[in-house]
Amino acid sequence: MAFEGRIERSIDELKERVHASLVIELWNGRRIAFAEPARVTLRLSNPDAARSLAEADLATLGEAYVEGKIEIDGPMREAIRAAEAIARRGRGYRPGRLPRRLNRHSRARDAEAVRYHYDVSDDFYALWLGREMVYSCAYFRTGEEDLDAAQAQKLEHICRKLRLRPGQRLLDVGCGWGGLVRHAARHHGVDATGITLSANQHAWANARIAEEGLGARCRVLLEDYRDHAAGEGYDAVASVGMFEHVGLKNLPLYFSTLHRLARDGGLVMNHGITAVDPESREVGLGGGAFIERYVFPHGEIPHLGLVLATMGAAGLEAMDVETLRLHYAKTLWHWSDALETRLDAARAIAGERRARVWRTYLAGCAHAFEQNWVTIHQVLAVKSGDPARNPLPWTRDWIYAEG
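On a predicted model such as this, the values are computed, not experimentally measured, just so you know.

Trainee: Which parts of the structure should I look at to understand the sheet that holds strand β2 (residues 31-33)?
Mentor: Remark on secondary structure: sheet strands pair via backbone hydrogen bonds, oriented parallel or antiparallel. Overall, mixed pairing links the 4 strands, which are arranged β2-β1-β3-β4 in an open sheet. A strand with exactly one partner marks an edge of an open sheet, and here the two such strands are β2 and β4 (70-73). The mean angle between the axes of side-by-side strands here comes to 20°, regardless of whether they run parallel or antiparallel. Direction of pairing for strand β1 (residues 22-25) relative to strand β3 (residues 40-44): parallel, over a ladder of 4 bridges. Of the residues in β3, the one forming a bridge with E25 is R43. Each of β1, β3 and β4 is contacted by helix α4 (residues 76-89), which is oriented at about 65° to β3, the strand it contacts most.

Below is the structure:
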């Protein structure tokens, strides 16, 4: 009883430091209201679940929920906001760690990490990704579009930036379920190749390509990007949501490979999550640690400055940079809301524990992008052996012009 009393006192002390629309309900039935009316309730299953609450960060709170020590009653948006308030004002507060820059990204490790994340179940991802299974930031022109419309706009936006024309060759590095290569082949008449390390994605994408009658000019290969043979080089190379898996130490090799895969005068588009911290620290408050453990093993995100410097050193001249942070926050909330409406199906397909991981991850990432803890950039570059010549027009009007 004395132990329980100490825990209750520690939560009472936390209440004095944290302002959140929150009630904590203890295993003994006592309710500690941080604000009334509260929009979310955290139910603690036993004293062990509450032991480190006052010391919590986002990693320990997320772990407690994933492992069933804490139950959430209320909207995930409010739960994430409450978790941030606890992590920021609790004694467990800490900034993000500096990147370790360890070379853990062998072919075997990368393939294992990709399988861990993507080979859950196509049916699971289909519950919340949208019609074309595009697992990357959508593009909103007004903010009022539904997810499928915004994803179609994103695919077209990339194709416009790459100035795709009939007969050209496009390579999509880390192509997911093949949304971009199918869109580019169907609407721009290119010969499109995608590569992925996920067996699930490889099988699903090629089945969809066959169903849509695109097999003559569209394919997805099960291959490591470092092993791909480009022949004379591609007119356009896209990499969307891929380089987060590469590792900071391997960025020079990654961008050198994209340079090798493009022909002289070819365009290269890198679309990926970037760090807000100039030293490429992971997301703070324990958010990065949670993602590393449960979602993206070995993932590392660079600051835009590092991206541009490394691209330049690899011989890729950056010509256009666009920030899509608010677009990704909205995309992630679309995904999170869709998962919330289909939780029973998600649990049936992937199990309770993995459903909890993804509830936490999607809502947490949406909040992180909303709060500018992390951001995302599209960088368009050109590979040119002659610095006096550049294939792009003088202005950016061509990206946005209709028709």
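Trainee: Would you explain the pattern of salt bridges in this entry?
Mentor: A side chain of one charge can pair with a side chain of the opposite charge when the charged atoms of the two come close. For the structure shown, the criterion picks out 30 salt bridges. Between D12 and R30 there is a salt bridge, with the nearest N and O atoms lying 3.2 Å from each other. Of the two residues, D12 is situated in helix α1 (residues 2-17) and R30 in the loop between β1 and β2; the sequence distance between them amounts to 18 residues. Assessed through its relative accessible area of 31%, R30 is described here as partly exposed. Here R186 and E212 are joined by a salt bridge, their closest N and O atoms 2.5 Å apart. Residue R186 is found in helix α8 (residues 179-188), and its partner E212 is found in the loop between α9 (199-211) and β7 (218-222); the two are separated by 26 residues along the sequence. Shared partners join several salt bridges into a network, and the residues in it are R131, E132, D148, R182, R186, R208 and E212.

Trainee: Just checking my understanding: could you explain the nonpolar core for this structure?
Mentor: Membership of the largest hydrophobic core comes to 76 residues, with the highest contact counts inside it found for I11, W128 and W358. At 9 residues, the largest contribution of residues to this core is made by helix α15 (residues 352-370). L155, L214, L267 and L380 belong to the second-largest nonpolar core, a separate cluster that totals 29 residues.

Trainee: Even after reading the chapter, I still don't get the packing of aromatic side chains, so can you show me in this structure?
Mentor: Working definition: an aromatic ring pair is given by the centre-to-centre distance plus the angle between the planes. In the structure shown here, the tally under the stated rule is 20 aromatic pairs. When the centroid spacing of 6.1 Å and the interplanar angle of 65° are considered together, the rings of F124 and W358 count as edge-to-face. Of this pair, F124 sits in helix α6 (residues 122-126) while W358 is found in helix α15, placing the two residues 234 residues apart along the sequence. In this pair, the class of F124 matches that of W358, namely buried. Aromatic side chains Y254 and F255 sit 4.8 Å apart centroid to centroid with 65° between the ring planes, which places their arrangement in the edge-to-face category. No difference in accessibility class separates Y254 from F255, as the two residues are buried.

Parameters and conventions
Residues numbered from 1 in each chain as written. Predicted model: local features only at pLDDT ≥ 70, side-chain atom pairs only at ≥ 80, totals over all residues. Heavy atoms only, no water. Pairing = 2+ DSSP bridges. Helix = DSSP H or I, 4+ residues; strand = E, 2+ residues; numbered from the N terminus. Axes fitted to C-alpha atoms, helices over the stretch in contact; angles between N-to-C directions. Contact = heavy atoms within 4.5 Å. Salt bridge = Lys/Arg side-chain N within 4 Å of Asp/Glu carboxyl O. Buried < 20%, exposed > 50% of the residue type's maximum accessible area, 1.4 Å probe, protein only. Core = buried A, V, L, I, M, F, W, Y, C linked by side-chain atoms within 4.5 Å. Phe/Tyr/Trp six-rings, centres within 6.5 Å; stacked < 30°, edge-to-face > 60°.

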